[in-house]
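# Commentary on secondary and tertiary structure
Below are the chains, spelled out letter by letter.
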Amino acid sequence: MVAEISVLRTHQNGKKHSQLLMEHNISFLTSDHLIDLLKETFDDSDTVQCLNMKHTKTTAIIKNVIGAIQKIELANKLKSCKFSIMTDESTDIGTIKTSCIVVRFFDEGSKKIVSTFWELGTQRF
């Protein structure tokens, strides 16, 4: 039971770590050094010592956990209001086609018109 609580606490701290980097637009590569620094600084903390997060795991948490939750929340908002869809496509020099989808709607919470990222798709030719 104690081990399960420790694993759960470590997972939650990893999510918080990822949110910090995302919210402050900090490079995910910082994770490679930040966790090691935290382990050295807080060597008496079992929770910090259990953290194993490099940039690959940080990216996966942001894309698959935080991003998925935000997309569901946005979809729920869009169900109750009118919105516009904007899209832009681009092809890079390596023949990879990228399509970005943005939605624009009136947000009742902030009382403002908001443009929010919906999805980024890529296709190789």
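Refer to the structure above for everything that follows.
Below: a short report on this structure. (Residues numbered from 1 in each chain as written. Predicted model: local features only at pLDDT ≥ 70, side-chain atom pairs only at ≥ 80, totals over all residues. Heavy atoms only, no water.)

Of all hydrophobic cores here, the largest spans six residues; its members are Ile35, Leu51, Met53, Ile61, Ile62 and Ile66. Sorting elements by how many residues they give to this core places helix α4 (residues 55-78) first, with three residues. When sequence neighbours within four positions are dropped, the list of residues in contact with Ile61 reads Gly14, Lys15, Ser18, Met53 and Ile66. (Core = buried A, V, L, I, M, F, W, Y, C linked by side-chain atoms within 4.5 Å. Buried < 20%, exposed > 50% of the residue type's maximum accessible area, 1.4 Å probe, protein only. Helix = DSSP H or I, 4+ residues; strand = E, 2+ residues; numbered from the N terminus. Contact = heavy atoms within 4.5 Å.)

The phi torsion at Asn25 lies on the positive side, around 55 degrees, for a residue other than glycine. With a phi close to 60 degrees, Lys111 is a non-glycine residue in the positive phi region. Relative to the helices and strands, Lys111 is located in the loop between β2 (96-107) and β3 (112-124). Overall, the relative accessible area of 55% leaves Lys111 in the exposed class.

This paragraph deals with the sheet that holds strand β1 (residues 83-91). Remark on secondary structure: sheet strands pair via backbone hydrogen bonds, oriented parallel or antiparallel. Read from one edge of the open sheet, three strands run β1-β2-β3, paired in antiparallel fashion. Unpaired on one side and paired on the other, β1 and β3 mark the two borders of the sheet. Each neighbouring strand pair of the sheet contributes to a mean axis angle of 20 degrees, computed without reference to strand direction. Along the sheet face, α4 touches β1, β2 and β3 and points at about 125 degrees away from the line of β3. (Pairing = 2+ DSSP bridges. Axes fitted to C-alpha atoms, helices over the stretch in contact; angles between N-to-C directions.)

Among the structural elements, Asp32 can be located in helix α2 (residues 31-41). The buried charged residue Asp32 lacks any salt bridge, with Lys54 as its nearest oppositely charged partner at 5.4 Å. Here the side chain of Asp32 touches His55 through a polar contact of 2.9 Å, landing on its backbone nitrogen. Residues in contact with Asp32, not counting those within four places in the same chain, are Lys54 and His55. (Lys, Arg positive; Asp, Glu negative; His and termini not counted. Salt bridge = Lys/Arg side-chain N within 4 Å of Asp/Glu carboxyl O. Polar contact = N/O pair within 3.5 Å; in protein donor to acceptor, adjacent residues only side chain to side chain.)

Strand direction decides the pairing type here: β2 and β3, joined by twelve bridges, are antiparallel. Residue pairing for β3: Thr98 is matched across the bridge by Thr122.

Turning our eyes to something else, we now look at α2. Every buried residue of α2 is accounted for by Ser31, Asp32, Ile35 and Lys39. Mapping the buried residues of α2 onto a view down its axis gives an arc of 115 degrees, with all of them on the same face. Away from its buried face, by an angle of more than 90 degrees, α2 presents the exposed residues His33 and Glu40. (Arc of directions from axis to C-beta.)

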